[in-house]
Amino acid sequence: MGKRKQIVALLVGVLLLAGAAGTFAWLSVTGVLVNEFGFGSVKPSVDEKLNGNVKSDVTITNKGSAPAYLRAAVDIYWQDQDGARLWDEPKEEPKGEADYEIAWSVADASGANSAYNWVKASDGFYYWTSPVAPGAETGVLINRVTELKATEGRNLVVDISTQAVQATPDEAVHDAWGCSVENDVLVPPHGGA
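Keep in mind the model is a prediction, meaning the values are calculated, not measured. (Residues numbered from 1 in each chain as written. Predicted model: local features only at pLDDT ≥ 70, side-chain atom pairs only at ≥ 80, totals over all residues. Heavy atoms only, no water.)

A. Main features of the pattern of salt bridges. Under the counting rule described, the total for this entry stands at seven salt bridges. In this structure, aspartate 123 and arginine 71 form a salt bridge, with 4.0 Å as the shortest nitrogen-oxygen distance. You can see aspartate 123 sitting in the loop between β5 (118–120) and β6 (126–132) and its partner arginine 71 sitting in strand β3 (residues 68–80), a full 52 residues away along the chain. Taking the relative accessible area as the measure of exposure, arginine 71 reaches 9% and is therefore buried. Overlapping salt bridges, with partners in common, bring together Asp75, Arg85 and Glu89 in one network. (Salt bridge = Lys/Arg side-chain N within 4 Å of Asp/Glu carboxyl O. Helix = DSSP H or I, 4+ residues; strand = E, 2+ residues; numbered from the N terminus. Buried < 20%, exposed > 50% of the residue type's maximum accessible area, 1.4 Å probe, protein only.)

Right under this line is the structure:
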């Protein structure tokens, strides 16, 4: 009888162990929740029209997957036929002596020209003050820039460099560029120029 009690106790133990393991396995599988987060991207791209010595309708497109704030730097210089940058700078003024003429679509220092969202800040950058959705573009930064005096051996270069920062959270643009956001409007660092 001692052997029989041992076998029954062993079977009961095995059944209890199997039941506990099955319950544990069921609870652990049903309690799992997998969260997958995708990474957003911001990717600015300059769009412009070129017609001879005239560059026009310069805008920036957000080719990324997340809304972004955009800024641009514009550098105008002479380049020789081999692509090297020359030391002398092209002149925009005075009239009659100017090497080029440029028509901007930028708000004045007070931001009073509210038809445009481009603002030039004292750091030299042009800031688009609204977030740009994926696939969307800014308004025109430069309406037209024209080389007035062609000089043999050199070309006028209007180089537009762009940068983008995700639009949310607001701290991202503050940490990257020192800007603030007030009522969904980007306020450039150090005010407008």
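B. Expanded view of the pairing of strand β2 (residues 54–62). Within β2, seven of the nine residues are buried, leaving the element largely enclosed by the surrounding structure. Direction of pairing for strand β1 (residues 44–51) relative to β2: antiparallel, over a ladder of seven bridges. Looking across to β2, one finds that asparagine 51 is bridged to valine 54. Counted along the chain from β1 to the antiparallel partner β2, the turn is two residues long, and its residue glycine 52 has a positive phi close to 65°. In terms of strand pairing, β2 meets strand β7 (residues 142–147) through four bridges, oriented antiparallel. Note on β7: the bridge partner recorded for valine 54 is threonine 146. (Pairing = 2+ DSSP bridges.)

C. Fine view of the sheet that holds strand β4 (residues 100–104). A sheet is described by the order of its strands in space; here four strands give the open sequence β1-β2-β7-β4, paired in antiparallel fashion. Among the strands making up the open sheet, the edge pair consists of β1 and β4. Here the strands of the sheet are splayed against their neighbours by 20° on average, with no regard to which way each runs. (Axes fitted to C-alpha atoms, helices over the stretch in contact; angles between N-to-C directions.)

In short, geometric facts, not functional conclusions.
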